[in-house]
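One letter stands for each residue in the lines below.
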Amino acid sequence: MAIEPLIEIPAGEGPRSSGLSYQDLLDLETRPVPETLREQSAREIPVVKVPIDRYTSREFHDLEVEKVWKKVWQFACREEDIPEAGDHTVYDIADMSILCVRGPDMQIRAFHNVCLHRGRALKDFDGRSDELRCPFHGWSWNLDGSLKEIPCRWDFPHVEKDEYELPQVKVGTWGGFVFINMDPHCEPLSNFLGDLPNHFERWPLEKRYKEAHVAKLMRCNWKANQEAFMEAYHVVGTHPQMLAGIGDANTQYDAWDTFSRAMTPNMTPSPHLTWEPTQQDQINSMMSASLDSPPMFNVPEDMTARQMLGQMTRMQLQNTVPSVQSLTDSELSDSFYYSLFPNFHPWAAYNRIVYRFRPYGNEPDKAIMEVIYLSPYQGTRPSPAKVHWLDFDEPWSNASKEFGSLSKVFAQDSYNLPKVQKGLAAANHSHVTFANYQETKIRHFHSLLEKHINA
Ligand code: FES
Ligand SMILES: [Fe+2]
């Protein structure tokens, strides 16, 4: 397949929205501001237009499988999903399947989830067992991948035990997440993560538990899906109910080697507004069903909405987050959404969200979107939530038990996406076009994708 080129412009600065910048808001803090929030990345991403067939064609999907999914570190499960010896979980990506297993030595190993006899998937489901036994003819392996037993062993004189160890893939961990990489020559996970762990030092994700995990099947390409969660530019069009209390166009965007971040301030009015919301309007926009509904919380006279949200969150977290008194109002109010190439999106501070997006099998126009809540806890770690699957036509409101009113926001986001895919398939023009600043994260993603595809 001839790969359509990206279209680039010279890298560099550009204009910014009116209104308070994120750094202006940090200047208002009364507590010391962490250095990572003060960082602003250089602007070095020239990509601005991406060929539409990257979202629609099977050929490009096949390239992604070969050049990305078989080569990159990717989040497979949480360590807490497999806490005991024999615990295993299945991670499927495109048409590949990886089995993550906790061994008797408590090490986590990952294997291709395929029987070496006639190829049945070894495990269909997550679970716990003291061996990995294929349900078809009963070949079995020990939890470390060594061959254990072949029924009618006499009939396989040509099978050498050493040559029939389950092929392993590389495993690395960070923040309580288990990452796998199918490339035996890949760089260590720590190199790939770069400075990302440093950014999360104040908000250690390994000290959280998985409170919720919802996986929704989506009728759109996985990239179109994740790109809807990498910018605040769509808030004015898609979530207008929030504008009184979100500095959408004042979001700060940064991109470093393998990861990017957005910092969207909450409890500060959108520069799109043509009226001036009160502090109470700002709280209501986030905490009530609508601006007209009775307020759930009243902002005291001597406080801003931002200070109030900071204080409310500080109180909520006082028993579970020992460092909470030293956290700034920004860390307790705003949305910090990081993206690690290619598809892993942990939110920072205490917003709890982690997203993962991946293709649904080998279908370029279908995706799996997952939302995980990682919550702090007191005492013993609660058991991690099991995955709650939502089918293509199931609404996000079926996950309101997990996400409350946020499920309405996911519904707004999801409403666009099949229509994006429909439009891309119907397009009579060649490229999608990204903003110079507010779509920085997406442009950064595409420049990394390009690098992998051309590698
Ligand atoms: S296919 Fe697994 S034992 Fe035969
Ligand atoms: Fe959204």
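Residues numbered from 1 in each chain as written. Chains lettered and ligands numbered in written order. Predicted model: local features only at pLDDT ≥ 70, side-chain atom pairs only at ≥ 80, totals over all residues.

So what about the environment of Leu-417? Which residues, and what values?
Of note, Leu-417 is situated in helix H13 (residues 406–426). Here Leu-417 falls in the partly exposed class, since 19 other C-beta atoms lie within 10 Å of it. Considering only alpha carbons, one finds Leu-417 and Gln-226, 191 residues apart in sequence, at a separation of 10.0 Å. If near-sequence neighbours (up to four positions away) are discounted, Leu-417 is found in contact with Met-218, Cys-220, Ala-224, Asn-225 and Ala-228. (Helix = DSSP H or I, 4+ residues; strand = E, 2+ residues; numbered from the N terminus. Buried ≥ 20, exposed ≤ 12 C-beta atoms within 10 Å, placed from the backbone. Contact = placed C-beta atoms within 7 Å.)

Can you tell me about the packing of helix H4 (residues 58–69) against helix H14 (residues 440–454), naming the residues and giving the values?
Here H4 crosses H14 at 90°, and the two axes come no closer than 8 Å. Taken together, the axes of H4 and H14 are roughly perpendicular relative to one another. Listed contacts from H14 to Leu-63, Lys-67 and Val-68 of H4 are Leu-449, His-452 and Ile-453. Of the residues that constitute the contact of H4 with H14, the class distribution is 4 nonpolar, 1 polar and 1 charged. (Axes fitted to C-alpha atoms, helices over the stretch in contact; angles between N-to-C directions. Parallel < 35°, antiparallel > 145°, perpendicular 65-115°, else oblique. Nonpolar A, V, L, I, M, F, W, Y, C, P; charged D, E, K, R; others polar.)

Could you give an account of the domain arrangement of the protein chain, with specific residues and numbers?
Here the domain parsing of the protein chain yields domain 1 (7–49 + 206–442) and domain 2 (74–185). Taking only C-alpha atoms into account, the centre of domain 1 sits 35 Å from that of domain 2. Listed as interface residues are 13 residues of domain 1 and, on the opposing side, 10 residues of domain 2. Elements with a contribution of two residues or more to the side of domain 1 that touches domain 2: strand S13 (208–218) and strand S18 (353–360). Residue classes in the side of domain 1 that touches domain 2 are distributed as 4 nonpolar, 3 polar and 6 charged. (Domains from an automatic or database assignment.)

Got a sec to walk through the sheet that holds strand S6 (residues 108–112)? Specific residues and values, please.
If you trace the 7 strands from one edge of the open sheet to the other, you get S3-S12-S11-S6-S5-S4-S7, paired in antiparallel fashion. Bordering the open sheet on either side are strand S3 (74–78) and strand S7 (127–128), each of which pairs with just one other strand. Inspection of the sheet shows strand S4 (residues 87–93) paired to strand S5 (residues 96–102) by 6 bridges, in the antiparallel sense. From the neighbouring strand, Tyr-91 faces S5, where its bridge partner is Ile-98. (Pairing = 2+ DSSP bridges.)

Give a description of the nonpolar core that names residues and reports values.
Within the largest apolar cluster, 86 residues are counted, with the highest numbers of intra-cluster contacts made by Ala-76, Ile-98, Cys-100, Ala-110, Phe-179 and Ile-180. Beyond its immediate sequence surroundings of up to four residues, Cys-100 is in contact with Ala-76, Cys-77, Ile-82, His-88, Thr-89, Tyr-91, Ile-108, Ala-110, Val-178 and Ile-180. (Core = buried A, V, L, I, M, F, W, Y, C linked by C-beta atoms within 7 Å.)

Lay out unusual backbone geometry with the relevant residues and their values.
Residues other than glycine predominantly adopt negative phi, and peptide bonds predominantly adopt the trans conformation. The peptide bond linking Phe-341 to Pro-342 adopts the cis configuration, its omega dihedral lying at 0°. Mapped onto the secondary structure, Pro-342 falls in the loop between strand S16 (335–340) and strand S17 (344–346). One non-glycine residue, Arg-352, lies in the positive phi region at around 75°. With respect to the helices and strands, the residue Arg-352 is situated in the loop between S17 and S18. Given 17 C-beta atoms within 10 Å, Arg-352 falls into the partly exposed group.

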